[in-house]
Each structure stands twice: as C-alpha cells, then as structure tokens.
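# Coordinate inspection notes
One letter stands for each residue in the lines below.
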Amino acid sequence: MKITFLGKYGGYPGKDSATSSFLLESNGFHLLVDCGSGVLSKVQSYVDLKDLDACILSHYHHDHIADVGVLQYAMLVETKLGNRTKPFPIYGHKRDAKFDELTNDIYTEGREISVGKTSNIGPFSLSFCETIHPAYCLAMKIQASGQTILYTADTEWKDDLVVFAKNADVLISEASIYKEQFGIVKGHLTGEEAGKLAEQTGVKQLLLTHLPHYGEQEKLVEEAKQGYSGPVQLVNPGMVIDLK
Ligand SMILES: [Zn+2]
C-alpha cells in the first residue's frame, strides 16, 4: 500500500498547495482521501483522473470537500470523452444533507459509510470511528495487503480512538494546534496529543497533517516526540510512504 500526500494544511491551502489530503494506491487501485481546496490539481501529478477509482470524505467541512464539485465536473468530462463508463463513487456519511450532493447524474455516485460497518473499496477495507469535532466526522482505519493505516481526520482527544487504532502500522494524525492553544481551540489535536495517541496505540510511525498556517510547524514534531518514542514527521506534498 502506497500513500502519497497531496496537501498538509488545515482550513485553507497555502500558496501553490492544498489542504490535508492523500492518495492511497494498492493493486493498481487509487483511492483519494478527502478532497479540499487544491487537491484536484495536486492529485493529477500522481494519477490520471480517468484512472482515479474512488474518493472518501471524512466530513463536510470546506477544507475536506471544497474540490468535490470540480471533481464531479472532471468525471462528467471524462465520461463524455468515453474515458469512464461507470459513475465515480464518492464515499461519505449520511448525517448531513451534503451527502445527497455527492451524486451527480450518471457521473458520480454517493455511497454511505458509517460506524460499525466495514466498507470494501477496491482492495481497501475501511472501518470508522466518530470523532469529536464541530461537524460529524469519521476517523478511518484503512487496511490493505496486511498493512493498517489509521487516519484521525479532524478531532480533539478521544479515548475511543486509542482502542480503534490499536496496533495500526501508521498513524496519520491531525495536529492543527500548538500545545499553548490546548483548551482554547476546540475540535483539534495538539502535536503532543498526536504523540500520545501514537504511543498508546503502538503504531510504528507517526505522520502529522492538517497543520496550522502560523507558528513553527516543526514544534509540533517536538511536542509529539515528548510522548512518542517512534519516528515522527510532518507530511509534505509529494511525500510517499510505501508500506510493504
Ligand atoms: Zn479540517
């Protein structure tokens, strides 16, 4: 299973970049995880849109769905060109009317994901855990080829995530805020909390995403290392992690 990071920012993209998102690849199947601003442009450096197989959304805040509309237009064009013959599946939860907008005529099709139900998307097997965030949001456990990734999506600390993520190989955690903002900014994790989650779940490596536009992002790594003894790094667009 190969992970290619497309964007690293929370809230909005920085200059020439994208919001937090990544592309997963296994057995030739391409799954896009979250689709915020800048993502549709970035993903084309790694896969032709005609070969993109599915997209999954953690929740419906703009920094995770801003490019869904243009993704739908891309699928319309690819279908009309004869490059695609089936509706492009976009997975998301149904706790919001936004779900209905994932289906666009014959070009894209909304498919439901939910807690307690495993979704099999190509070679990927996914299960979900509700996070603590102002919008209903799902963390994802993604398994393929004997490897497991845990993606927190957007959340503040929740003990359930430790149980949910236990023994994953890789933790892709949001780290939206610095330690000094703890308790002031709700719905997100500090670098320190991301490290604590990595330690308690016993993952082999920690990757920090959904980063702030201000401050020194490397401080988030230092914070994480205080609670976690394994390798930690900030994600960057184009960074590839090949799990074997
Ligand atoms: Zn977000």
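Above this note sits the structure.
So, here is what we can say about the structure in this document. Quick caveat, the model's predicted, so the values are computed rather than measured.

What follows is about the sheet that holds strand β9 (residues 138-144). One open sheet accounts for seven strands, arranged β7-β8-β9-β10-β11-β12-β13; its pairing is mixed. Only two strands of the sheet have a single neighbouring strand rather than two, namely β7 (119-121) and β13 (232-234). Averaged over all pairs of adjacent strands, the angle between strand axes in this sheet comes to 20°, irrespective of strand direction. Pairing between strand β8 (residues 124-130) and β9: six bridges, direction antiparallel. Paired with cysteine 129 across the bridge in β9 is alanine 139. Strand contacts of helix α5 (residues 191-201): β11 (170-174) and β12 (205-209), with the helix running at about 155° to β11, the strand carrying the most contacts. Here helix α6 (residues 218-227) sits on the sheet in contact with β12 and β13, set at roughly 160° to β13.

Buried within α5 we find Gly191, Glu193, Ala194, Gly195, Leu197, Ala198 and Thr201. Tucked inside the fold, the buried residues of α5 contact α4 (159-165), β11, β12 and α6. One or two residues past the end of α5 sits glycine 202, with phi positive at roughly 75°.

Right, let's get into the pairing of β12. Counting buried positions along β12 yields five of five residues, so the element is predominantly enclosed. Neither face of β12 is left uncovered, since the one carrying Gln205, Leu207 and Thr209 and the one carrying Leu206 and Leu208 both have all their residues buried. Where β11 lies against β12, five bridges are found, and the strand directions are parallel. Considered in β12, the bridge of serine 173 is made with leucine 208. Taken together, β11, α5 and β12 form a β-α-β motif whose crossover is right-handed. Sheet topology places β12 next to β13; three bridges connect them, and they run parallel. Within the sheet, the bridge partner assigned to leucine 208 lies in β13 and is leucine 234.

The rules behind these values
- Residues numbered from 1 in each chain as written.
- Predicted model: local features only at pLDDT ≥ 70, side-chain atom pairs only at ≥ 80, totals over all residues.
- Heavy atoms only, no water.
- Pairing = 2+ DSSP bridges.
- Helix = DSSP H or I, 4+ residues; strand = E, 2+ residues; numbered from the N terminus.
- Axes fitted to C-alpha atoms, helices over the stretch in contact; angles between N-to-C directions.
- Contact = heavy atoms within 4.5 Å.
- Buried < 20%, exposed > 50% of the residue type's maximum accessible area, 1.4 Å probe, protein only.
- Right-handed = clockwise from strand over helix to strand, strands pointing away.

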